[in-house]
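# Structural characterization, general
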Amino acid sequence: MIFKAIEALVAYAVDNGLIDKTEIIYSRNRLLDVMREDSFEASQPLDAPLPELLKTLTDCAVDKGLCSDTTESRDIFDTRLMNCLTPRPSEVNQRFWEQYFVSPKAATDWFYKFSGDVNYIRRDRIARDRRWKIDSEYGEIDITINLSKPEKDPRDIAAAGKSASVAYPLCQLCAENVGYAGRIGHPARANHRTIPLNLGGDSWFLQYSPYVYYNEHCIVFNSQHVPMKINRAAFDKLFDFVRQFPHYFVGSNADLPIVGGSILSHDHFQGGRYTFAMEKAEIEQTYNVPDYKDVVCGIVKWPLSVIRLRGCDSSRVAELAELILNKWRGYTDEQAMIFAETDGVPHNTITPIARRRGDDYELDLCLRNNLTTPEHPLGLYHPHAQRHHIKKENIGLIEVMGLAVLPARLQKELDLLEQCIADGRDISGSEMIAKHADWANTFAPELKSQPREVIREKLAQEVGKVFLGVLEDAGVFKRTADGKAAFGRFIKNIIE
């Protein structure tokens, strides 16, 4: 079985352009070495897709004692197998830039497919994610339950607790992840490849997210392990990226806790080829900013507080964005519960998103504030407690644009909710879903005796409504008369 699976893997690599036919023997021998096989018998290749081939060989490795039978250990091992078939970084870079000279789109098309072909993007796991859309006054909102990240195995957690602390690579974004074998507690990246970029005169890299929350979900990261910082240089780099890849958008998480991303210690952006609801949202009120008549400036109809800038000269758009950022950093409006700082701790920052709009450069500036209060200890402009049963995590760049990335636990909870509602059982009586009882009981009675598919669709729509509430929680200026007046006061502060 080992030889059949190895032959199939080598054939897969040839068919997908990972290796040349002249490298068949070399690649086979590398796989034999990983499997600790000293000989080889020619066999009919196993007829199976890539995930099954890797599982077959990893099962054999477990039986032979070459790796533990835990999720992380198996991932580390099957990534070693794929590394035997993954071109070296210099070859990947050469292919990318050859395609780039055809067109930027051709380059990213190739690199995205490549990242899946080498199993860095595990397509079989991505396919498990549950995705749907809901209609709203702001457009179609995307909802996804992330099932592609493997759950932690208790045995791996225990092993990590006993192992010595390792600070290499410093984080999961560092360039040192390229080719890194992985360890318990740090994902395998032996088949990981990146593309060097120059952004604003600095060395950065392009890669794809292994979890692909949306189409061609890419990560653009600084070659140096330096903290996130939203400033003029960041705006210039965002525009430099969309200048080089005009078919992609790119944005940055905010640079403060609570309203920032999960990795604040390493400067990075996220982008891709997907049209979010926020991009489609229209400007509902425009303003003329003195000295910037060449830049369109307006408030976007969106649950969060977003200012959109657009112009043909990216430097002028970035210049106005810097002015707005500086005004916002120091802005306080006690009436609206906006405080620039408390006890010397800064609260105001921005989540910026850049894109091309024809020949123009467009920049959305989402105003953020990480103030905490006794009533909202996790953040006043963070998902409020009554919505934590659905979404408790930070609202980062992806959510800001209108895509809910919901925790994997929700899949089992929604399945159980659906069953309880269909059976007419007491939701609060189940420990797993009791936290959903108050919410679900507002619509469960009307679903009595309804088909399961009707209940499932209703749950999906109601989850979407909760996420809309989450976005409204994160808006610093609410979509009320008072909130709009407060937003107007800030805009006046910019103009004057």
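Residues numbered from 1 in each chain as written. Predicted model: local features only at pLDDT ≥ 70, side-chain atom pairs only at ≥ 80, totals over all residues. Heavy atoms only, no water.

### Some points on the overall build of the protein
Broken down by element type, the protein carries 16 helices and 15 strands. Here the protein has a C-alpha radius of gyration of 25 Å; the compact-globule value for 496 residues is 23 Å, and the two agree. Projected onto its principal axes, the C-alpha coordinates of the protein cover approximately 80 × 60 × 45 Å. Across the 496 residues of the protein, 54% fall into the buried class. Counting contacts in the protein only where the partners sit at least 6 residues apart, residues at least 24 apart contribute 64% of the total. The centroid of the 61 positive side-chain charges in the protein is displaced by 1 Å from the centroid of its 70 negative side-chain charges. (Helix = DSSP H or I, 4+ residues; strand = E, 2+ residues; numbered from the N terminus. Rg over C-alpha atoms; globule rule 2.2 N^0.38 Å. Buried < 20%, exposed > 50% of the residue type's maximum accessible area, 1.4 Å probe, protein only. Contact = heavy atoms within 4.5 Å. Lys, Arg positive; Asp, Glu negative; His and termini not counted. Charge placed at Lys NZ, Arg CZ, Asp CG, Glu CD.)

### Overview of helix H2 (residues 24-34)
Taken together, the buried positions of H2 are occupied by Ser27, Arg28, Leu31, Leu32 and Val34. Along the long axis of H2, the arc covered by the buried residues comes to 160°, so they all point the same way. Counted as exposed and oriented over 90 degrees from the buried face of H2: Ile25 and Tyr26. Next to the buried residues of H2 lie helix H1 (2-15) and helix H4 (71-83). One or two positions beyond H2, positive phi appears at Arg36, with a value near 60°. (Arc of directions from axis to C-beta.)

### Here we look at the pattern of salt bridges
Note that side chains of opposite charge can pair when their charged atoms are close. Under the counting rule described, the total for this entry stands at 44 salt bridges. In this structure, Lys64 engages Glu37 in a salt bridge whose closest nitrogen and oxygen atoms are separated by 2.6 Å. Of this pair, Lys64 sits in the loop between helix H3 (50-63) and H4 while Glu37 is found in the loop between H2 and H3, placing the two residues 27 residues apart along the sequence. The salt bridge involving Arg125 is made with Asp75; its shortest N-O contact spans 2.7 Å. Placement of Arg125 in helix H7 (residues 123-126) and of Asp75 in helix H4 is noted, with a sequence separation of 50 residues between them. One network of salt bridges, in which partners are shared, links Glu279, Arg308, Arg310, Arg355, Arg357, Glu362 and Asp364. (Salt bridge = Lys/Arg side-chain N within 4 Å of Asp/Glu carboxyl O.)

### With respect to the packing of helix H5 (residues 89-100) against helix H6 (residues 104-117)
Close contact between H5 and H6 brings their axes to 6 Å; oriented N to C, the two are set at 145°. Contact with H5, carried on its side by Val92, Arg95, Phe96, Gln99 and Tyr100, involves Pro104, Ala106, Ala107, Thr108, Trp110, Phe111 and Phe114 of H6 and no other residues of that element. Considering only residue class, the contact of H5 with H6 consists of nine nonpolar, two polar and one charged. (Axes fitted to C-alpha atoms, helices over the stretch in contact; angles between N-to-C directions. Nonpolar A, V, L, I, M, F, W, Y, C, P; charged D, E, K, R; others polar.)

### Concerning the pairing of strand S9 (residues 296-300)
S9 sits mainly inside the fold: four of its five residues count as buried. Pairing of strand S8 (residues 283-287) with S9 involves four bridges; the strand directions are antiparallel. Residue pairing for S9: Thr286 is matched across the bridge by Gly298. The antiparallel pairing of S9 with strand S10 (residues 306-311) creates a hairpin that spans five residues between the two strands. (Pairing = 2+ DSSP bridges.)

### Describing H3
Along an α-helix, a turn takes 3.6 residues, which lines up residues three or four apart on a common side. For H3, with 14 residues, the first-to-last C-alpha span of 20 Å sits near the 20 Å given by 1.5 Å per residue. All buried positions along H3 are accounted for by Leu50, Leu53, Leu54, Thr56, Leu57, Thr58, Cys60 and Ala61. Close packing links the buried residues of H3 with H1, H4 and H6. One or two steps after H3, the chain reaches Gly65, where phi turns positive at roughly 80°. (Expected span 1.5 Å × (residues − 1).)

### A word on the sheet that holds S8
Pairing in this open sheet of 10 strands is antiparallel, and the strands run S3-S4-S5-S7-S6-S13-S14-S10-S9-S8 from one edge to the other. At either end of the open sheet lies a strand with only one pairing partner, and these are strand S3 (195-199) and S8. Between one strand axis and the next, the sheet turns by 25° as a mean value, whatever way the strands run. Where S3 lies against strand S4 (residues 202-208), five bridges are found, and the strand directions are antiparallel. Residue pairing for S4: Leu197 is matched across the bridge by Trp204. Taken strand by strand, helix H11 (residues 314-329) contacts S10, strand S13 (348-357) and strand S14 (360-369), and its axis lies near 10° from that of S14. Lying on the sheet, helix H16 (residues 481-495) is in contact with S8, S9, S10 and S14; it crosses S10 at an angle near 40°.

### So, unusual backbone geometry
Note on backbone geometry: most residues besides glycine have negative phi, and most peptide bonds are trans. Geometrically, the link from Tyr168 to Pro169 is a cis peptide bond, its omega value of -15° lying close to zero. Along the chain, Pro169 turns up in the loop between helix H8 (154-162) and S3. We note that Asn119 has phi near 70°; this positive angle belongs to a residue other than glycine. Relative to the helices and strands, Asn119 is located in the loop between H6 and H7. The phi dihedral of Met337 falls on the positive side, at around 60°, and the residue is not glycine. By secondary structure assignment, the location of Met337 is in the loop between H11 and strand S11 (341-342).

### A word on the packing of aromatic side chains
Taken as a whole, this structure holds 28 aromatic pairs when the rule is applied. Measuring from centroid to centroid gives 5.1 Å for Trp110 and Phe114, while their planes differ by 20°, and the two rings are stacked. Of this pair, Trp110 and Phe114 both sit in helix H6, separated by four residues, roughly a single helical turn. The same class applies to Trp110 and to Phe114, which are both buried. Measuring from centroid to centroid gives 5.2 Å for Trp439 and Phe443, while their planes differ by 75°, and the two rings are edge-to-face. Its relative accessible area of 12% is what places Trp439 among the buried residues. Using a relative accessible area of 3% as the deciding quantity, one classes Phe443 as buried. By the ring-pair criterion, three or more aromatic residues cluster together here, those being Phe96, Trp97, Tyr100, Trp110, Phe111, Tyr112, Phe114, Tyr208, Phe241 and Phe245. Across the ring face of Tyr361, the terminal group of Arg356 is positioned such that the distance to the ring centre comes to 4.0 Å. (Phe/Tyr/Trp six-rings, centres within 6.5 Å; stacked < 30°, edge-to-face > 60°. Lys NZ or Arg CZ within 6 Å of the ring centre and 35° of its normal.)

### Focus: the nonpolar core
Val220, Phe241, Ile307, Leu309, Phe477 and Phe490 are the most contacted members of the largest nonpolar core, which totals 93 residues. The greatest single-element share of this core, amounting to 10 residues, is contributed by H1. For Val220, the residues in contact, after removing those within four places along its chain, are Leu197, Leu199, Trp204, Phe205, Leu206, Phe241, Val250, His268 and Phe269. (Core = buried A, V, L, I, M, F, W, Y, C linked by side-chain atoms within 4.5 Å.)

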